[in-house]
Amino acid sequence: MSHKFLIHSNNTPSSKSTEEFLRQKLEMAGIPVSDALEDDVDLIICIGGDGALLRAVHDYDFPTIPFMGINTGHLGFFQEIAPDELDMFIEDYLEEEFSIQPMMTIKAIVEHDDTRDEFTALNEVAVKSNGNHTVHLDISIGGGLIESFSGDGVLISTPAGSTAYNYSLRGSIVDPRLELLQVTPIAPMNSTAYRSFTSSILLPPDLSLGIVPGVSESICTLLVTHDSFSEEYENVSKIEVKLSDQKVNLLRFGNYDFWSKVKEKFL
């Protein structure tokens, strides 16, 4: 069976040297490298850290083609191998000693100024103020109002994103085999004047989260981020966040174990 790979690398010296070394090894193995995402590409290799893989997912518009990461960054939670494991990777791939791990994504729909914007994220979506002031948001689940939140904002993450921004907010680490959304408050206010949930909550896959700016926010600008991308919106009438039908497929080798990775990276 013939194979063809696509390499996506950031611009750090270590990533570029790893890319050059990998290209040489792939040429020796008889595996061509494409310069663009074509129909016959079998694998997208991302060289860098987690940010490089996230950018590749967005740059190629969430393709079904599997991704495999080589970690030349810092945390490297998504990344599967280190630069010194290139021979092992090529050998195991050619022997088909790997599995595909589908990762959930989420969709955010922002309604503003009679316009509807949609975008997809692998890790998370956050809704915050665009300045140094408290944001007031009416939060609904499945169409029913839950609370009027006050604080810096809310973060909605996938299991894949539970180990990213969500984890720094003291949210829960979620096994990626679970299908759910996690909603985590960002600096919530909890006083006699304001009552907000102070811990993360978990939603089943059939429920969506609705966010409506409070009366005082009607003319405020909201900052909506998805993964590492941000947009500012004025006159927001509603934001809905729900699971997307799209999946991001990651290549995993036989020794991969999510909780071993958690122990390695965080504990």
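Before any of the text, the structure's been laid out above.
The rules we used
- Residues numbered from 1 in each chain as written.
- Predicted model: local features only at pLDDT ≥ 70, side-chain atom pairs only at ≥ 80, totals over all residues.
- Heavy atoms only, no water.
- Patch = residues over 30% accessible without salt bridge, like charges linked within 9 Å, V, L, I, M, F, W, Y side chains within 5 Å.
- Areas by Shrake-Rupley, 256 points an atom, 1.4 Å probe, with all protein chains shown as cover.
- Salt bridge = Lys/Arg side-chain N within 4 Å of Asp/Glu carboxyl O.
- Lys, Arg positive; Asp, Glu negative; His and termini not counted.
- Charge placed at Lys NZ, Arg CZ, Asp CG, Glu CD.
- Helix = DSSP H or I, 4+ residues; strand = E, 2+ residues; numbered from the N terminus.
- Buried < 20%, exposed > 50% of the residue type's maximum accessible area, 1.4 Å probe, protein only.
- 1 Å grid on protein atoms, 1.4 Å probe; cavity = no way out; pocket = protein on both sides within 12 Å on 5 of 7 lines; lining within 4 Å.
- Points joined across faces, edges and corners; volume = space filled by probe spheres on them.
- Nonpolar A, V, L, I, M, F, W, Y, C, P; charged D, E, K, R; others polar.
- Contact = heavy atoms within 4.5 Å.
- Polar contact = N/O pair within 3.5 Å; in protein donor to acceptor, adjacent residues only side chain to side chain.
- Core = buried A, V, L, I, M, F, W, Y, C linked by side-chain atoms within 4.5 Å.

K.L.:
Help me get a handle on a negative patch on the surface, residues and values and all.
P.N.:
A contiguous patch of negative charge, built from Asp-113, Asp-114, Glu-231, Glu-232 and Glu-234, is present on the exposed surface. You can see Glu-232 is positioned in strand β14 (residues 229-234). For Glu-232, a relative accessible area of 51% puts it in the exposed group.

K.L.:
Before we move on, can you summarise the layout of surface pockets with the specific residues and values?
P.N.:
By volume, the largest pocket amounts to about 290 Å³. Forming the walls of the largest pocket are 15 residues, and the residues nearest its centre are Gln-79, Glu-80, Ile-81, Lys-261 and Glu-264. Of all the elements, helix α5 (residues 258-266) adds the most residues to the lining of the largest pocket, at four residues. Here the lining of the largest pocket is composed, by residue class, of four nonpolar, five polar and six charged.

K.L.:
I'd like a rundown of the environment of Glu-118, residues and numbers included.
P.N.:
Topologically, Glu-118 is positioned in strand β6 (residues 115-121). By relative accessible area, Glu-118 is classed as partly exposed at 43%. In this structure the C-alpha to C-alpha distance between Glu-118 and Lys-107, which are eleven residues apart in sequence, comes to 7.0 Å. Not counting residues within four places of it along the chain, the set of residues in contact with Glu-118 comprises Lys-107, Ala-108 and Ile-109. Within polar-contact distance, the side chain of Glu-118 engages the side chain of Arg-116 at 3.2 Å.

K.L.:
Account for the pattern of salt bridges, naming residues and giving values.
P.N.:
Side chains bearing opposite charge may pair, as long as their charged atoms lie close to each other. Applying the stated criterion to the full structure yields eleven salt bridges. For the salt bridge of Glu-38 with Lys-4, the shortest nitrogen-to-oxygen distance reads 3.2 Å. With Glu-38 in the loop between β2 (33-34) and β3 (43-48) and Lys-4 in the segment before β1 (5-9), this residue pair connects regions lying 34 residues apart in the sequence. Assessed through its relative accessible area of 18%, Lys-4 is described here as buried. Between Glu-264 and Lys-265 there is a salt bridge whose closest N-O contact spans 3.7 Å. Taken together, the salt bridges that share partners define one network made up of Lys-107, Glu-111, Arg-116 and Glu-118.

K.L.:
Explain the nonpolar core to me, and be specific about the residues and the numbers.
P.N.:
In globular proteins that are soluble, nonpolar side chains generally tend to be buried together. Counting residues in hydrophobic clusters, the biggest one holds 28 residues, and the most contacted among them are Val-125, Leu-137, Val-154, Ile-156, Leu-209, Ile-211 and Ile-239. Those residues in contact with Ile-156 that lie beyond four places of it in its chain are Ile-106, Asn-123, Glu-124, Val-125, Leu-181, Gln-182, Val-183, Leu-209, Ile-211 and Val-241.

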